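Inside the fold
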Amino acid sequence: MRSLVVLALLAGVLLTPARAHAETAAPHTGIHVRDGRLVEASGSDLVLRGVNHDFMWYPDRNGSFAAIKAAGANAVRLPLGIGHQWRRSGPEDVAKVVGLCKANRLICILDAHDTTGFGQDRKAATMAQAVQFWLDVRKALVGAEDHVIVNIANEPFGNGTTMPWVQQTSDAIRALRAAGYRHALMVDAPGWGQDESFVMRDNAEKVRDADPLGNTLFDIHMYGEFGTATKVNAYLSSFTSRRLPILIGEFSGEHQWGDPDEDAIMAFAEARELGYFGWSWSGNDKQYSYLDLVDNFDAAKVTAWGRRFISGPNGLTTGTREATVYRNGAASPPRAPQQVRVLDVTSSQVVLSWTPRRYATYQVVAVDGAAETRLVTTNRPTVTLRGLRGSTEHTFAVYSKDILGTRSPRSALVAAVTTPAR
């Protein structure tokens, strides 16, 4: 979109022979998909949170990278021109932008943008032309698999059920793999990125299975088609329930073709630990300036949309974690368990719950001043603490551990007073 147009450690996962072969025959060296989740080479879960920055139209606004990082992002999605509709980004441009991402400790998603709305926009490039672009710039990307994701084609088809999205997307994946690309690949939905006819939703497994490395994730853009929490939830759930990796590559707080439910988009992404990218940092045409997160590329002039996206509920500043590749391989600690609360109290037991996190285990402790007593370890987001003394105030907290065994900070304290014993 530009103004107008607008991502297995679980034991017992069953793989088909073809998928099992892909995962054993071709070990991953960088960012990759595992059991429907995006992870780093270290195995650490990678939840991408960032913004779209219009590098294609503003190749000299390179101070934006540091500003985007300072706003709380761990990634940036960058439209590149392939020379069909917009100025071609050559290998030197690709190397430059990847270097800027790396210097600012950002995961870099590069998208070939000229394909936007093919089949309805006569100026749009074909998927095959996007593939040729990636083949031409491949040398600039070799060795960057741990911090670059290749977004094959932006919004590659317009609306309708007859668009050959499945076949052409599958062919593009196979072509890039045959050419030696080992990066995580990202594919956009048709329907101007919004999958209005559910072509991507209903055929995602076919496209996933076209990748011999099993390293493709899906990108949905959420604008007017996603104006209610029900629609947002249903679409994301359709992927996560099938263990298909998905992220929200574009969305905004308002739009001329329908009002997106940005609160639901961000809340459901947070609940499912999915990536999202707001459109866009700055530089939209004047009549679409409501899409700018900051005014005229000035990070000190945050717009209303920018305030909502950056510091509002479930925004960039609430829990976005830097990729471990920029931490010399040392995983940052997981977030402390959120929304710990008391569900039930009797004379001898207390029931606690908290927001679940994928792959986490939890340790519940009793807190008495500076002292802690370990009570129970569980992999469930609820626990019943038994054998407590009646008529007593008890204080509890919860820690979590991620799949690498790294322990989080302690949660907020919760207190419960047991009822008198009978």
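1. Points about the overall build of the protein chain
Along the protein chain, the regular secondary structure elements total nine helices and 17 strands. Taking the principal axes of the C-alpha coordinates as reference, the protein chain spans close to 80 × 50 × 40 Å. Residues classed as buried in the protein chain amount to 54% of the 422 residues present. Total accessible area computed for the protein chain in this model is approximately 17,300 Å², and 51% of it derives from carbon and sulfur atoms. Once the 45 positive and 43 negative side-chain charges of the protein chain are each reduced to a mean point, those two points are 6 Å apart.

2. Here we look at the packing of aromatic side chains
Tallying each qualifying case throughout the model produces 15 aromatic pairs. Residues Phe-218 and Phe-239 carry aromatic rings whose centres are separated by 5.7 Å and whose planes lie at 55° to one another, so their mutual orientation is tilted. On the criterion of sequence distance, the pair formed by Phe-218 in strand β8 (residues 216-222) and Phe-239 in helix α7 (residues 229-240) is long-range, its members being 21 residues apart. According to the relative accessible area criterion, Phe-218 is buried, its value standing at 0%. Phe-239 gets classed as buried once you look at its relative accessible area, which sits at 0%.

3. Points about empty space enclosed by the protein
Roughly 50 Å³ of internal volume is contained in the second largest cavity. Classifying every residue of the lining of the second largest cavity by side-chain character gives four nonpolar, two polar and four charged.

4. Re the sheet that holds strand β13 (residues 361-368)
Read across the sheet, four strands follow the order β14-β13-β16-β17 without closing on themselves; strand pairing throughout is antiparallel. Single-partner strands in this sheet number two, and they are β14 (371-378) and β17 (414-417). Across this sheet, the average inter-strand angle for adjacent strands is 30°, counted without regard to direction. In this structure, β13 lies alongside β14, joined through seven bridges in antiparallel fashion. Of the residues in β14, the one forming a bridge with Val-365 is Arg-374.

5. Let's talk about the side chain of Ser-411
With respect to the helices and strands, the residue Ser-411 is situated in the loop between β16 (393-401) and β17. A distance of 2.9 Å separates a polar atom in the side chain of Ser-411 from the backbone nitrogen of Val-398. Beyond its immediate stretch of four places on either side in the chain, Ser-411 contacts Ala-336, Pro-337, Val-340, Ala-397 and Val-398.

6. Focus on helix α6 (residues 199-209)
Listed as buried for α6 are Val-199, Met-200, Asn-203, Ala-204, Val-207 and Arg-208. Down the axis, α6 shows its buried residues gathered within 170° of arc, on one side only.

7. Quick word on the confidence of the model for the protein chain
Low pLDDT marks stretches whose predicted atomic positions should not be read closely. When the pLDDT values of the protein chain are averaged, the result is 90; 91% of them are 70 or greater. Counting contacts from residues 1-26, a segment whose pLDDT is below 50, to residues more than four positions away or on other chains yields 65 contacts.

8. A look at the sheet that holds strand β12 (residues 350-353)
Taken in spatial order, the three strands of this open sheet run β11-β12-β15, and their pairing is antiparallel. Unpaired on one side and paired on the other, β11 (341-345) and β15 (382-385) mark the two borders of the sheet. Within this sheet the neighbouring strands show an average axis-to-axis angle of 20°, counted without direction.

9. Notes on helix α4 (residues 127-136)
Note on helix geometry: an α-helix contains 3.6 residues per turn, so any two residues three or four positions apart are oriented the same way. Within α4 the residues assigned to the buried category are Met-127, Ala-130, Val-131, Phe-133 and Trp-134. Projected onto a plane normal to the axis of α4, the buried residues spread over an arc of 155° and lie on a single side. Considering only its buried residues, α4 is in contact with β4 (75-80), α3 (91-103), β5 (107-112), β6 (148-151) and α5 (165-178).

10. Quick look at the pairing of strand β9 (residues 246-251)
Most of β9 sits inside the fold, with six of its six residues counted as buried. Pairing of β8 with β9, which is carried by five bridges, proceeds in the parallel orientation. Across the sheet, the residue bridging to Phe-218 is Ile-246, located in β9. In this fold, the crossover linking β8 to β9 by way of α7 has right-handed handedness.

11. Focus: the nonpolar core
The biggest cluster of nonpolar side chains holds 73 residues, and the ones touching the most others in it are Leu-110 and Trp-134. One finds Val-33, Ile-107, Ala-184 and Ala-323 within the second-largest nonpolar core, a separate group that totals 16 residues.

12. Some details on the pairing of β13
Look at any regular strand and the pattern is simple: side chains alternate between the two faces of the sheet. Bridge analysis of β13 against β16 gives six bridges, and the strand direction is antiparallel. The residue bridging Ala-366 from the neighbouring strand is Phe-396, located in β16. Two successive antiparallel strands, β13 and β14, enclose a turn made up of two residues, where Gly-369 displays a positive phi of approximately 65°.

Cut-offs and rules
- Residues numbered from 1 in each chain as written.
- Predicted model: local features only at pLDDT ≥ 70, side-chain atom pairs only at ≥ 80, totals over all residues.
- Heavy atoms only, no water.
- Helix = DSSP H or I, 4+ residues; strand = E, 2+ residues; numbered from the N terminus.
- Buried < 20%, exposed > 50% of the residue type's maximum accessible area, 1.4 Å probe, protein only.
- Areas by Shrake-Rupley, 256 points an atom, 1.4 Å probe, with all protein chains shown as cover.
- Lys, Arg positive; Asp, Glu negative; His and termini not counted.
- Charge placed at Lys NZ, Arg CZ, Asp CG, Glu CD.
- Phe/Tyr/Trp six-rings, centres within 6.5 Å; stacked < 30°, edge-to-face > 60°.
- 1 Å grid on protein atoms, 1.4 Å probe; cavity = no way out; pocket = protein on both sides within 12 Å on 5 of 7 lines; lining within 4 Å.
- Points joined across faces, edges and corners; volume = space filled by probe spheres on them.
- Nonpolar A, V, L, I, M, F, W, Y, C, P; charged D, E, K, R; others polar.
- Pairing = 2+ DSSP bridges.
- Axes fitted to C-alpha atoms, helices over the stretch in contact; angles between N-to-C directions.
- Polar contact = N/O pair within 3.5 Å; in protein donor to acceptor, adjacent residues only side chain to side chain.
- Contact = heavy atoms within 4.5 Å.
- Arc of directions from axis to C-beta.
- pLDDT = per-residue confidence, 0-100.
- Right-handed = clockwise from strand over helix to strand, strands pointing away.
- Core = buried A, V, L, I, M, F, W, Y, C linked by side-chain atoms within 4.5 Å.

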